[in-house]
Amino acid sequence: MDGDRVEIDGGIMEGGGQILRVSTALSCLLGMPLRVRRIRAGRSQPGLRPQHLSGLEMVRDLCDGKLNGGEIGSTEITFTPGKIKGGTHIADTKTAGSVCLLMQVAMPCVLFAASPSELHLKGGTNAEMAPQIDYTVMVFKPIVEKFNFTFNCDIKKRGYYPQGGGEVVVRMSPVKELSPINLTERGTVTKIYGRAFVAGALPIKLAKDMSSAAVRCIRKEIRDLYINIQPVQEPDDQAVGTGSGIIIVAETSTGCLLAGSSLGKRGKNSDKVGIEAAEMLLKSLKHGGTVDDSLQDQLIIFMALAKGVSRVKSGPITLHTQTAIHFAEQLTKAKFTVTKSEDEDPSNDTYIIECQGVGMINPNL
């Protein structure tokens, strides 16, 4: 299909890799040729980085598409999609680039493939500026599966900055169409749990310190709940390199999941890592939404593709989410509205993100 290319300005709004992920996935799904200019113009190192390029190449291979301008540092690409097929696909950033961001671009596409898919994603599993793989498994997976699909995420090896080397295998079957979601009732927090990890040369004591500091911080606000943050030493045969971090999840009576996370780095005190994650979780719980900042923008593409009206109650809308909405509307016929939530508690800064989805039908099923 070589009709008119849709022109995308990759430098507006959030101005990062997310514009590329949303546009390419939708281009692939809608069979719509695309040109993206000014890629990552908002970043200190503009243009494609290894993880963006490996994501693009994977989508190209998923649908037998054509990609021009696919080089590291390139600020303009054209992409012409073909037919989405299942099977095994490999994407390797060869750096600590996030496997979770690779998953973000590929997952919507393979949902509408002709047969089941197996994605082998290589890079960083716990990387800065991206959701940790533990977040993907503990929070993203159970919530996104409410759109009426399932996937399996097998963490073969964990990889950390700077060399990466992690590998995750994602298996999923295609669907006919996606159901809308309604996440508007937050409920009360019923449990808090998580994992504090160390890998490589770091002692388990650091994980215990992160966990204790996080528990102490949460206790100041939430006194009566049992908090279970497991300290974990990643087995040497399942981790490449040295890394540490923590993720803490709060589960509510209505099945909402919100999280806070933080990564250790050289010279950063382990108590500080724990406190950072705890404060992030408490901040998410304070605004009264049903999703945290990291999940907000990841749901947008699925809401746009689903059949019917999806509604999600969230805290303040992040720039990432505004960007995802902008490009989802530009490329699909989905209609989003964001309204301030009429909350019982006026101190809550909550919003309802509503979307009339396009009801994408899988032509292969």
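All of these numbers come straight from a predicted model, not from anything done at the bench. (Residues numbered from 1 in each chain as written. Predicted model: local features only at pLDDT ≥ 70, side-chain atom pairs only at ≥ 80, totals over all residues. Heavy atoms only, no water.)

1. Things to note about the overall build of the protein
Point 1. For the protein, the count of helices and strands is nine helices and 17 strands.
Point 2. For 365 residues, the compact-globule estimate of 2.2 N^0.38 gives 21 Å, and the protein sits close to it at 20 Å.
Point 3. Summarising its shape, the C-alpha atoms of the protein cover approximately 60 × 50 × 40 Å along the three principal directions.
Point 4. Residues classed as buried in the protein amount to 56% of the 365 residues present.
Point 5. Counted over contacts in the protein with a minimum sequence separation of 6, partners at least 24 positions apart contribute 75%.
Point 6. Of the roughly 15100 Å² that the protein leaves accessible, carbon and sulfur atoms contribute 51%.
Point 7. Separation of charge centres in the protein, based on 42 positive and 39 negative side chains, amounts to 2 Å. (Helix = DSSP H or I, 4+ residues; strand = E, 2+ residues; numbered from the N terminus. Rg over C-alpha atoms; globule rule 2.2 N^0.38 Å. Buried < 20%, exposed > 50% of the residue type's maximum accessible area, 1.4 Å probe, protein only. Contact = heavy atoms within 4.5 Å. Areas by Shrake-Rupley, 256 points an atom, 1.4 Å probe, with all protein chains shown as cover. Lys, Arg positive; Asp, Glu negative; His and termini not counted. Charge placed at Lys NZ, Arg CZ, Asp CG, Glu CD.)

2. Brief notes about the UniProt feature "binding site: ATP" (unreviewed entry) in the protein
Point 1. In the numbering used here, UniProt assigns the feature "binding site: ATP" (unreviewed entry) to Gln104.
Point 2. Those residues in contact with glutamine 104 that sit more than four places away from it in its chain are Arg21, Pro131 and Gln298. (UniProt positions renumbered as here; feature names shortened; annotations may be inferred.)

3. Some details on the nonpolar core
Point 1. Phe147, Phe149, Phe151, Leu178, Leu299, Phe302 and Phe336 are the most contacted members of the largest nonpolar core, which has 83 residues in total.
Point 2. It is helix H3 (residues 99-111) that provides the largest number of residues to this core, a total of ten residues.
Point 3. Each of domain 1 (6-183 + 291-358) and domain 2 (189-287) accounts for three or more of the residues forming this core. (Core = buried A, V, L, I, M, F, W, Y, C linked by side-chain atoms within 4.5 Å. Domains from an automatic or database assignment.)

4. Comments concerning the pattern of salt bridges
Point 1. Under the counting rule described, the total for this entry stands at 23 salt bridges.
Point 2. Here arginine 35 makes a salt bridge to glutamate 76, at a shortest N to O gap of 3.2 Å. Of the two residues, arginine 35 sits in strand E2 (residues 34-37) while glutamate 76 sits in the loop between strand E3 (66-68) and strand E4 (77-80), which places them 41 residues apart along the sequence.
Point 3. A relative accessible area of 35% places glutamate 76 in the partly exposed class.
Point 4. The closest approach of N and O atoms between arginine 60 and aspartate 61, which form a salt bridge, is 3.0 Å.
Point 5. What makes aspartate 61 partly exposed here is its relative accessible area of 33%.
Point 6. The network of salt bridges with common partners includes Glu7, Arg35, Arg37 and Glu76. (Salt bridge = Lys/Arg side-chain N within 4 Å of Asp/Glu carboxyl O.)

5. Structural notes on the domain arrangement of the protein
Point 1. Examined at the domain level, the protein breaks down into domain 1 (6-183 + 291-358) and domain 2 (189-287).
Point 2. Computed from C-alpha coordinates alone, the two centres of domain 1 and domain 2 are separated by 25 Å.
Point 3. Taken together, the contact between domain 1 and domain 2 spans 29 residues of the former and 28 residues of the latter.
Point 4. Carbon and sulfur atoms supply 58% of the area that domain 1 and domain 2 bury against each other, a total of about 2100 Å² over both sides.
Point 5. Sorting the residues of domain 1 by area buried against domain 2 places Gln132, Met138 and Tyr160 first, and these three jointly supply 28% of that buried surface.
Point 6. Run the count over domain 1 and domain 2 and you get three salt bridges.
Point 7. Two residues, arginine 195 and aspartate 134, come together in a salt bridge whose shortest N-O distance is 3.1 Å.
Point 8. Between domain 1 and domain 2 we count six residue pairs in polar contact (both at pLDDT 80 or more) in total.
Point 9. Those elements that provide at least two residues to the side of domain 1 that touches domain 2 are helix H4 (133-144), strand E7 (151-159) and helix H7 (293-296). (Buried area = accessible area lost by both parts, 1.4 Å probe. Polar contact = N/O pair within 3.5 Å; in protein donor to acceptor, adjacent residues only side chain to side chain.)

6. A short note on the environment of phenylalanine 147
Point 1. Inspection of the secondary structure puts phenylalanine 147 in the loop between H4 and E7.
Point 2. Between the C-alpha atoms of phenylalanine 147 and leucine 299, which are 152 residues apart in sequence, the distance is 9.6 Å.
Point 3. Those residues in contact with phenylalanine 147, other than ones at most four positions away along the chain, are Leu178, Ser179, Ile181, Leu299, Phe302, Met303, Ala306 and Ser310.

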